Amino acid sequence: EGVIAPKIFIWRRADPADDTCDDFSVVGGNVDSNLEQPVSTSALNVTVSNADIGTLRYCCQVSITDLDDMAVSDNSVTSITVVGPALPQQPTNIINGNVDSTSAIIQWTVPIIAYTPETYVVNYGTSMSSLDMMSDPVESGSDFEAVNQVFSVALTGLMDTTTYFYQVVATNGQGSTSSDVQSFDTTFLRPD
């Protein structure tokens with residue numbers, strides 16, 4: 001029955017184009033000297049800045065020395081993507097639906113969340129040059145991996161048989177991005 005040797009973990013920041021761990025600066029590590037557990041874990045906490053925007057690669061080297069002083073080691077390279085502050089992406093696939101005499105539902109897709117939190121509103125009005133009314137705000141989630149999220153908002157209190165113009169505006173801490181202006185017509189309100 002063998003004895004489980006201490007495991008040494010060394011974390012290095014790797015070159016984005018290289019799968020090896022050689023010659024890169026050490027950014028963390030630990031020794032797991034619990035000889036009774038065959039499985040060990042090691043984690044690396046990294047603080048990044050705007051200068052680190054892009055893909056960062058880290059390498060974890062694990063070394064084990066057995067009783068015969070034979071070193072066994074292995075490398076594993078992992079990548080993380082650092083998303084920096086950016087304007088929101090322009091809302092796409094904008095449609096209006098369920099239009100009746102006094103309301104409409106506006107739906108749109110957000111390709112990716114550029115920088116959280118993001119808020120979306122629909123500016124609308126009866127003149128293309130004056131979108132002076134605003135929907136209730138819709139908040140994005142904070143999941144950077146989510147893609148093509150669909151959002152919608154109801155516009156109520158509209159006048160019947162009227163053309164309304166609208167655009168979706170996405171806002172975050174970096175600024176705002178607007179969709180193209182579109183339109184819909186409310187239906188005739190039949191008297192009771």
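All figures in this text were calculated on a predicted structure; none of them were measured in a lab. (Residues numbered from 1 in each chain as written. Predicted model: local features only at pLDDT ≥ 70, side-chain atom pairs only at ≥ 80, totals over all residues. Heavy atoms only, no water.)

Novice: What should I look at first to understand the overall build of the protein chain in this one?
Specialist: When helices and strands are counted, the protein chain shows zero helices and 13 strands. The linear arrangement of helices and strands in the protein chain, starting from the amino end, is β-β-β-β-β-β-β-β-β-β-β-β-β. Looking at the protein chain as a whole, 32% of its 192 residues are labelled buried. Taking contacts inside the protein chain between residues at least 6 apart in sequence as the whole, the part at least 24 apart equals 61%. (Helix = DSSP H or I, 4+ residues; strand = E, 2+ residues; numbered from the N terminus. Buried < 20%, exposed > 50% of the residue type's maximum accessible area, 1.4 Å probe, protein only. Contact = heavy atoms within 4.5 Å.)

Novice: What is the right way to look at unusual backbone geometry in this model?
Specialist: Where the residue is not glycine, phi is negative for most of them; where a peptide bond is considered, it is trans in most cases. The residue Asn148 is not glycine, and still its phi comes out positive at about 50 degrees. Positionally, Asn148 belongs in strand β10 (residues 147–156). Given the relative accessible area of 48%, Asn148 is considered partly exposed. For Thr161, which is not a glycine, the phi torsion comes out positive at approximately 45 degrees. Along the chain, Thr161 falls in the loop between β10 and β11 (163–172). Look at Thr161 and you get exposed, because its relative accessible area is 52%.

Novice: What's the story with the side chain of Thr109 in this structure? I'm lost.
Specialist: Mapped onto the elements of the fold, Thr109 is located in strand β6 (residues 103–112). In contact with Thr109, other than residues within four places in its own chain, are Pro91, Thr92, Asn93, Asn148, Gln149 and Val150.

Novice: It is not clear to me how the environment of Val181 should be interpreted in this structure. Could you clarify?
Specialist: The residue Val181 is located in the loop between β12 (175–178) and β13 (182–185) in this model. In this structure Val181 touches Met128, Leu131, Phe165, Tyr166 and Gln167, once residues within four positions along its chain are discounted.

Novice: How do you make sense of the side chain of Ser140 when you look at a structure like this?
Specialist: Tracing the sequence through the fold places Ser140 in the loop between β9 (138–139) and β10. Here Ser140 falls in the buried class, since its relative accessible area comes to 13%. Residues within four places of Ser140 in sequence aside, it is in contact with Ile113, Pro117, Glu118, Tyr120 and Phe151.

Novice: What's the story with the sheet that holds β6 in this structure? I'm lost.
Specialist: Within a sheet, neighbouring strands are paired by backbone hydrogen bonds and run either parallel or antiparallel to one another. Strand order in the open sheet made by the three strands is β5-β6-β10, with antiparallel pairing throughout. Either end of the sheet is taken by a strand with one partner, and the two such strands are β5 (92–97) and β10. Across the sheet, the axes of successive neighbouring strands diverge by a mean angle of 15 degrees, strand direction being ignored. Note: β6 against β10, nine bridges, orientation antiparallel. Considered in β10, the bridge of Val110 is made with Gln149. (Pairing = 2+ DSSP bridges. Axes fitted to C-alpha atoms, helices over the stretch in contact; angles between N-to-C directions.)

Novice: Where do I start with the environment of Tyr115 in this structure?
Specialist: With respect to the helices, strands and loops of the structure, Tyr115 is situated in the loop between β6 and β7 (119–125). For Tyr115, a relative accessible area of 28% puts it in the partly exposed group. Linking Tyr115 and Thr171, residues 56 residues apart in sequence, is a C-alpha distance of 9.5 Å.

Novice: Help me understand the packing of aromatic side chains in this model?
Specialist: The description of two aromatic rings rests on the distance between their centres and on the angle between their planes. Taken as a whole, this structure holds six aromatic pairs when the rule is applied. With 5.7 Å between their ring centres and 20 degrees between their planes, Tyr164 and Phe184 make a pair best called stacked. Of this pair, Tyr164 sits in strand β11 while Phe184 sits in strand β13, placing them 20 residues apart in sequence. Grouping residues by exposure puts Tyr164 and Phe184 together as buried. Connected via pairs of aromatic rings, a cluster forms that spans Tyr124, Tyr164, Tyr166 and Phe184. (Phe/Tyr/Trp six-rings, centres within 6.5 Å; stacked < 30°, edge-to-face > 60°.)

Novice: What am I meant to see in the pairing of β6 here?
Specialist: It is a general feature of regular strands that their side chains alternate between the two faces of the sheet. The element β6 is extensively covered by neighbouring structure, given that seven of its 10 residues are classed as buried. Turn length for the β5-β6 hairpin, with the two strands adjacent in sequence and antiparallel, is five residues, and the turn residue Asn98 shows positive phi of about 50 degrees.

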